[in-house]
Amino acid sequence: MRLGRQVLWMACWAGWVQPVVADWALNLPAPKSDIAVRIYDIHTLILLICLGIFVVVFGVMFYALFKHRKSVGHQAHPFHEHTSVEVIWTVIPLLILVGMAWPATRAVLDQKDTANPDLTIKVTGYQWKWEYDYLQDGVKFISASSTPADQIANQAAKGPHYLLEVDEPMVVPVGKKVRILLTSHDVIHAWWVPELGVKQDAIPGFIRDTWFRANEIGTYRGQCAELCGRGHAFMPIVVEVKREVDYQAWLAAKQAGKQAKAVAAAAAAGKSFGPAELKARGEKVYAAHCAACHQADGKGLPGVFPALAGSRMVNGPAAAHIDRVLHGKDGSAMTAFQDQLDDADLAAVITWERMAWGNTGSPVQPTDVKVLRK
Amino acid sequence: MEAVLPHGHHAAPAGLWRWLASTNHKDIGTLYFWFAATMFLIGGLMAMLIRAELFQPGLQLVRPEVFNQLTTLHGLIMIFGVIMPAFTGFANWQVPLMIGAPDMAFPRMNNWSFWLLPVAGLFLIGSTLLPGGAVAGGWTMYPPLFMQGGISYDLTIFAIHLMGASSIMGSINIATTILNMRAPGMALMKMPLFVWTWLITAFLLIAVMPVLAGAVTMLLSDRNFGTHFFDAAGGGDPVMFQHVFWFFGHPEVYILILPAFGIISTVIPTFSRKPLFGYASMVYATAAIAILSFLVWGHHMFTVGMPAAAQLFFMYATLLVAVPTGVKVFNWVATMWRGSLTFETPMLFAVAFVCLFTIGGFSGLVLAMAPVDIQLQDTYYVVAHFHYVLVTGALFSIYAGLYYWLPKWTGHRADETWGRWHFWLSAVSVNVLFFPMHFLGLAGMPRRIPDYALQFADFNRVASLGGFVFGASQILLLIVILKCLRGGEKAEARAWEGAEGLEWTVASPAPYHTFTEPPEVK
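Everything numeric in this text was worked out from a predicted model, so none of it was measured.

Calculation criteria
Residues numbered from 1 in each chain as written. Chains lettered and ligands numbered in written order. Predicted model: local features only at pLDDT ≥ 70, side-chain atom pairs only at ≥ 80, totals over all residues. Helix = DSSP H or I, 4+ residues; strand = E, 2+ residues; numbered from the N terminus. Buried ≥ 20, exposed ≤ 12 C-beta atoms within 10 Å, placed from the backbone. Contact = placed C-beta atoms within 7 Å. Expected span 1.5 Å × (residues − 1). Bend = angle between axes of the 7 residues up to and from the residue. Core = buried A, V, L, I, M, F, W, Y, C linked by C-beta atoms within 7 Å. Axes fitted to C-alpha atoms, helices over the stretch in contact; angles between N-to-C directions. Parallel < 35°, antiparallel > 145°, perpendicular 65-115°, else oblique. Left-handed = near helix turned anticlockwise from the far one by under 90°. Nonpolar A, V, L, I, M, F, W, Y, C, P; charged D, E, K, R; others polar. Pairing = 2+ DSSP bridges. Domains from an automatic or database assignment. pLDDT = per-residue confidence, 0-100.

Caption draft 1: Structural detail: the overall build of chain A. Of regular secondary structure, chain A possesses 11 helices and 10 strands. Its C-alpha atoms give chain A principal-axis dimensions of about 95 × 70 × 40 Å. With 374 residues in all, chain A has 36% of them scored as buried. Within chain A, counting contacts between residues at least 6 apart in sequence, those at least 24 apart form 64% of the total.

Right, here's the structure in full:
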């Protein structure tokens, strides 16, 4: 009995101390760009002013609470106005506010000055991943969370960068003015990297811009900051700031990889695959792009995301199914995948959907996809 | 059917019909309070579930889409189902009593404005049972995300229309009562401050509830009738919704706090045994806050990518709000200064209000600074800020007002011992709950997420523990109220030694009909 209770207590205690990586951070993270430094300093300034006012005002109040109470025999003095005092405590806060507004105004003007960038990257938000398009260098890729599902479901130990890790980070050179052009493919997202002091909403149909100049090499992590549906917590941002030469090397490798991929895609586009090959490839594509909504078991979420298992469209003629995946469905969360995936990947994932979970649809070849592209 | 009493009074009808068909301001006030209490229980249980899910990293109790429904409904319920109805309950009970009127100006409309609310509440909560679950796009309902939901989203829009109609009718009623039914001699500048704050609140409501109705009607039309108000693909603009919504939303914030100022300005003088310091400047400050509230909506949208000039305008206008708000805090402190203070439960909540609401004001000042807001927008810092303003602000003022006027309403004094326990447990746990959220936001935790990175684990755990204690402590309030209704120490007409005002000239409990003969105000 006593032993049992001891074990119980120890279990509770172990449960309490388990997340050892937590660091009780009290303040903004150490800033790594000029703007972030300014934000940090303005915040510190305001915090100190507020603290000062708080101590003075509530010092007076608590003095009254202790000294002017009935129980110590204090008699009420029924004064109820005093014009000069009232003018003073209207004017002094006004002056303090002007003092606070001055550095903030300068910071706003600098934050908004996106002119003359060294590098421009177009960032597009998707439910629930980011696309980075290096406009001047022809490099474009999708960056999605790489935290395994079993860590989220508490079936595996969580890694040190749990929910803040991606398959392909954005890479920028240190000390260069990077302009970010933001837009979205579906709903509003917000691109936020605290250490760089940037946050900007990504709005479908519009392009907004912001900028940063990282002043230290490192890996900086952020998250989507605008509620964007069920995957909102799972679309992290990772920015790797590298030395110029390392950045150029990364860029060259990316461009070479893109060429190799284009060659492979061209070869695959005309090629015919066996159903087993398509299904194996399609299962992977499905896990990366489709499972967040339609679920790994193809059952979707009733009323929100339709089931693919047993679906009429998936089990019907291939053309309608391909069209839906290529072009999405207006007014729903179903996005158009024609710009995100190549013909072979699309054929693979559509085949997987048509043949998995007891579905009886026919396999689809890359050429079938190609003819339906708009 | 009805016994005819002298002066043509009706006896209080009995049973269910008394409540369904009531046109009596006191009964309708009571209905508002019980509705708010019921919704508080439901919204509070949702908050408990949210805090339980956030107790540790990983997904434990609810799936992400259910979590989003919880945060959305929690917000809508607490704003439209708890704080606003509770303040309307105070207005119904207290405005006629404080200005010496026999009832509200439009008693039948009063009944109608109340009974719309339970219907709206049922729609909101019942929508959890519909396919796809309840609305999950956040209480702010931003499109295009709001386009992605099922039938419950349309039902939510209907519920908001009902609540809006209820608010508009209620505020027309309150404003008309105040402007036309004051006792002879009660000039506007002699009205109790609570009446003043509600008068200004009523005008704010009349001004902005139609704006909200317009915004959600455009959503409804975009969702169902093929319009493209907020869809860029059809020439619309999703950010336009945010402008319209926050043009309602920011005045709404002050709708939720101005009556609180009124209650606190009533409670503090009573227990300081001194008149309110700076009555006239309090009135002007309230009006100034109300006017400024129409000029600051853009500060909710600093990250949408406004031009620098717009950011600066909204930043300066927002900073200006600090001046009249500061005047109010200084006035309350000056009212206590050199008073003869006692600390019964209403005063405890009022003092905590002054202190903790000011913390919410300071974090508001930090958020008003556009460059800093870029960092803190949509983080837990914002969650901390508005919970300090709405829980330790609006809700604590409601508690102060309840403890203050319960003797007048029930004829029994609230149990001080239980009241003190309720206060101290709430005041400590609410800070354990919300203060660490400042740190979480600064460290980079976004709001509205069911799962978070490991460095946020410790403060989330602390906040959850504080939340569970705070939630459980509210059961004490229910016990206090039930005890008060069943019996307890008899309250005199003037229940508090320092209380001033017409409501203390009638018996406790207040008779079913009061001031059929208008009192004379000197």
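Caption draft 2: Highlighting the overall build of chain B. Helix and strand counts for chain B stand at 15 helices and zero strands. Judged by the C-alpha coordinates and their principal axes, chain B covers about 70 × 50 × 45 Å. Burial statistics for chain B: of 522 residues in total, 63% are counted as buried. A sequence separation of at least 24 residues applies to 82% of the contacts in chain B between residues at least 6 apart.

Caption draft 3: Structural detail: helix α14 (residues 416–443) of chain B. Residue and element names in this part refer to chain B. Over its 28 residues, α14 runs 41 Å from end to end, which matches the ideal 40 Å to within 8%, given 1.5 Å per residue. The largest bend along α14 reaches roughly 25 degrees and is located at V432, with the proline P436 sitting one to four residues downstream. Backbone geometry just after α14 places G444 at a positive phi near 115 degrees.

Caption draft 4: Quick peek at the nonpolar core. Residue and element names in this part refer to chain B. Core analysis: the largest hydrophobic core is formed by 267 residues, its most contacted members being I83, I264 and A400. The element contributing the most residues to this core is helix α13 (residues 380–410), with 21 residues. Setting aside chain neighbours within four positions, we find I264 in contact with W332, A350, F353, V354, S397 and A400.

Caption draft 5: Quick peek at the packing of helix α2 (residues 25–53) of chain B against helix α4 (residues 107–126) of chain B. Residues and elements named next belong to chain B. Put simply, α2 and α4 touch, their axes get as near as 10 Å, and they point 15 degrees apart. One way to sum up the angle between α2 and α4 is to call them roughly parallel. The chirality of how α2 crosses α4 is left-handed. Where α2 approaches α4, its residues H25, I28, L31, Y32, F35, M39 and I42 are matched on the opposing element by N110, N111, F114, L117, P118, G121 and I125. Across the contact of α2 with α4, the residue classes tally to 10 nonpolar, four polar and no charged.

Caption draft 6: Representation of the sheet that holds strand β3 (residues 139–143) of chain A within the structure. Residues and elements named next belong to chain A. Across the sheet, five strands lie side by side as β3-β2-β1-β5-β8; this open sheet has mixed pairing. The sheet is open, and its two borders are formed by β3 and β8 (208–212), each paired with just one other strand. Each adjacent strand pair in this sheet contributes to an overall mean axis angle of 25 degrees, direction not counted. Pairing of strand β1 (residues 119–126) with strand β2 (residues 129–134), which is carried by six bridges, proceeds in the antiparallel orientation. Bridged to K122 within β2 is D133.

Caption draft 7: Spatial organisation of the interface of chain B and chain A. Each partner contributes to the interface: chain B provides 84 residues, whereas chain A provides 86 residues. For the side of chain B that touches chain A, the elements supplying multiple residues, two or more each, are α3 (64–99), α7 (238–255), α9 (279–292), α10 (308–336), α11 (345–368), α12 (370–376), α14 and α15 (457–486) of chain B. A total of 14 residues in the side of chain B that touches chain A trace back to one element, the largest contributor, which is α10 of chain B.

Caption draft 8: Here's a closer look at the domain arrangement of chain A. Residue and element names in this part refer to chain A. Parsing chain A into structural domains produces domain 1 (34–111), domain 2 (119–260) and domain 3 (271–372). Facing four residues of domain 1, the contacting portion of domain 2 comprises six residues. Residues belonging to the side of domain 1 that touches domain 2 are distributed by class as follows: three nonpolar, no polar and one charged.

Caption draft 9: Seen up close, the confidence of the model for chain A. Residues at a pLDDT of 70 or more form 94% of chain A, whose mean pLDDT is 88. Between residues 10–21 of chain A, whose pLDDT stays under 50, and residues either more than four places distant or in other chains, the model counts seven contacts.

Caption draft 10: Inspection of the packing of helix α6 (residues 275–289) of chain A against helix α10 (residues 343–355) of chain A at higher detail. Residues and elements named next belong to chain A. Contact pair α6 / α10: the axes reach a minimum separation of 7 Å and the direction vectors enclose 95 degrees. As summarised for this structure, α6 and α10 are arranged roughly perpendicular, according to the angle between their axes. When α6 is examined against α10, the residues P275, L278, K279, R281, G282, E283, V285 and Y286 are found in contact with a partner set consisting of D345, A347, A348, V349, T351, W352, E353 and M355. Split by residue class, the contact of α6 with α10 holds nine nonpolar, two polar and five charged.

Caption draft 11: Here's a closer look at the pairing of strand β5 (residues 178–184) of chain A. Residue and element names in this part refer to chain A. In terms of residue burial, β5 counts as a mostly covered element, since five of its seven residues are buried. Inspection of the sheet shows β1 paired to β5 by seven bridges, in the parallel sense. Along β5, the bridge assignment pairs I121 with I180.

Caption draft 12: Examining the sheet that holds strand β4 (residues 170–173) of chain A more closely. Residues and elements named next belong to chain A. Read from one edge to the other, the open sheet built from five strands follows the order β4-β10-β9-β6-β7, with strand pairing classed as mixed. This sheet does not close on itself; its edge strands, each paired only once, are β4 and β7 (198–202). Between one strand and the next, the sheet's axes are offset by a mean angle of 25 degrees, whatever the strand orientation. Pairing analysis gives four bridges linking β4 to strand β10 (residues 236–242), with the strands arranged parallel. Note that in β10 the partner of M170 across the bridge is V239.

Caption draft 13: Examining the environment of G149 of chain B more closely. Residue and element names in this part refer to chain B. With respect to the secondary-structure elements, G149 resides in the loop between α4 and α5 (151–180). Its 25 C-beta neighbours within 10 Å are what place G149 among the buried residues. Residues G149 and I160, spaced 11 residues apart in sequence, show a C-alpha to C-alpha distance of 16 Å. Setting aside residues up to four positions removed in sequence, G149 forms contacts with G132, V135, A136 and G137.

Caption draft 14: Just the confidence of the model for chain B, in detail. Across chain B, the average pLDDT comes to 94, with 98% of residues at or above 70. Every residue in residues 1–8 of chain B is under pLDDT 50, and counting partners more than four places away or in other chains gives five contacts.

Caption draft 15: The arrangement of α6 of chain A in detail. All names here are of chain A. End to end, α6 covers 20 Å across 15 residues, agreeing with the expected 21 Å (1.5 Å per residue, within 8%). Listed as buried for α6 are L278, K279, G282, V285, Y286 and H289. Those residues of α6 that are buried are in contact with α7 (291–294) and α10.

Caption draft 16: Up close: the pairing of β7 of chain A. Residue and element names in this part refer to chain A. For β7, a buried count of five out of five residues is recorded, marking the element as mostly surrounded by other parts of the structure. Alternating positions in β7 separate into two faces, V198, Q200 and A202 on one and K199 and D201 on the other, with burial throughout. Across five bridges, the pairing between strand β6 (residues 189–193) and β7 is antiparallel. Note that in β7 the partner of W191 across the bridge is Q200. Counting the residues between successive antiparallel strands, the hairpin from β6 to β7 contains four residues, one of them, G197, with a positive phi of roughly 70 degrees.

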